Amino acid sequence: MQFDLGRLGRMDPGDVLKISHVFVSHAHMDHFMGFDHLLRLFLPRDAVLQLYGPDAFLARMEARLAGYTWNLTEDYPLVIIGHEVRPDVVVSATFRAASGFRPEGRTERPFDGVLVDEPALSVSAAILDHKIPCLAFALAEKSHLNVDTSF
């Protein structure tokens, strides 16, 4: 999981390729400029990336993706699923490399504060004000073991 997309070029590409979920607090440049780097590394891969962001996030993703020409990606399996968190609903859309990253399959679900709920952990969000809608995230482990090594 990656929280915000700043300068990902500083990360080892192998570590970047381990990312499956990205949580973007807001779309100021220093929090979203790594999107292109992430996209470039994942582009030829058979992967599904889940990206979460605040109100208007899907439009921003679509605009970033529309800035490039995708005439050579029809055989690329990469899928990006964008999730836009609004006060009462999470709107999601799928962007496939094979179809030139045109948004498809918009869905909505009620926003109850939880974005990801997996067996080992959950990620929740709250909407804050940063003169724009902004998300604060909380990562919680569902179970934690303390091992007494004093024996």
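Keep in mind that what you see is a predicted model, and the values were worked out from it rather than measured.

Enquirer: Kindly report on the packing of aromatic side chains, identifying the contributing residues and their values.
Expert: Scanning the entire structure with this criterion turns up eight aromatic pairs. Ring geometry for Phe 23 against Tyr 52: centres 5.0 Å apart, planes inclined by 10 degrees, an arrangement best described as stacked. With Phe 23 in strand S2 (residues 21–23) and Tyr 52 in strand S3 (residues 48–54), this residue pair connects regions lying 29 residues apart in the sequence. Just as Phe 23 is buried, Tyr 52 falls in that class too. Ring-pair connections join several aromatic residues into one group, and the members of that group are Phe 3, Phe 23, Tyr 52 and Phe 137. If you follow Arg 64 out to its NZ or CZ, it ends over the ring of Phe 32, 5.2 Å from the centre.

Enquirer: Help me get a handle on a nonpolar patch on the surface, residues and values and all.
Expert: Among the surface-exposed residues, Met 1, Phe 3 and Leu 139 lie close enough to one another that they form a single nonpolar patch of about 260 Å² accessible area. On the basis of relative accessibility, which here comes to 51%, the residue Leu 139 falls in the exposed class.

Enquirer: Lay out the pairing of strand S8 (residues 121–129) with the relevant residues and their values.
Expert: Sheet faces and side chains relate simply in a regular strand, where the side chains alternate between the two faces. Across three bridges, the pairing between strand S7 (residues 114–117) and S8 is antiparallel. Among the inter-strand pairings, Val 114 is bridged to a residue of S8, identified as Ser 124. Here S7 hands over to S8 after three residues, the two strands then running antiparallel side by side. Bridge count for S8 against strand S9 (residues 133–141) is nine bridges, and the pairing is antiparallel. Bridge pairing links Ala 125 to Phe 137 in S9. Hairpin geometry of S8 and S9 is characterised by an intervening segment of three residues between the two adjacent antiparallel strands and by a positive phi of about 65 degrees at Lys 131.

Enquirer: Would you mind going over helix H4 (residues 57–66) in detail, with residue names and values included?
Expert: Within H4, the full set of buried residues consists of Phe 57, Leu 58, Met 61 and Leu 65. Buried residues in H4, looked at end-on, bunch into an arc of 100 degrees, giving them a common side. When the buried face of H4 is taken as reference, the exposed residues oriented beyond 90 degrees from it are Ala 63 and Ala 66. Summarising the contacts, the buried residues of H4 are in contact with helix H2 (29–32), helix H3 (35–42), S3, strand S4 (79–85), strand S5 (89–96) and strand S6 (103–110).

Calculation rules
Residues numbered from 1 in each chain as written. Predicted model: local features only at pLDDT ≥ 70, side-chain atom pairs only at ≥ 80, totals over all residues. Heavy atoms only, no water. Phe/Tyr/Trp six-rings, centres within 6.5 Å; stacked < 30°, edge-to-face > 60°. Helix = DSSP H or I, 4+ residues; strand = E, 2+ residues; numbered from the N terminus. Buried < 20%, exposed > 50% of the residue type's maximum accessible area, 1.4 Å probe, protein only. Lys NZ or Arg CZ within 6 Å of the ring centre and 35° of its normal. Patch = residues over 30% accessible without salt bridge, like charges linked within 9 Å, V, L, I, M, F, W, Y side chains within 5 Å. Areas by Shrake-Rupley, 256 points an atom, 1.4 Å probe, with all protein chains shown as cover. Salt bridge = Lys/Arg side-chain N within 4 Å of Asp/Glu carboxyl O. Pairing = 2+ DSSP bridges. Arc of directions from axis to C-beta. Contact = heavy atoms within 4.5 Å.

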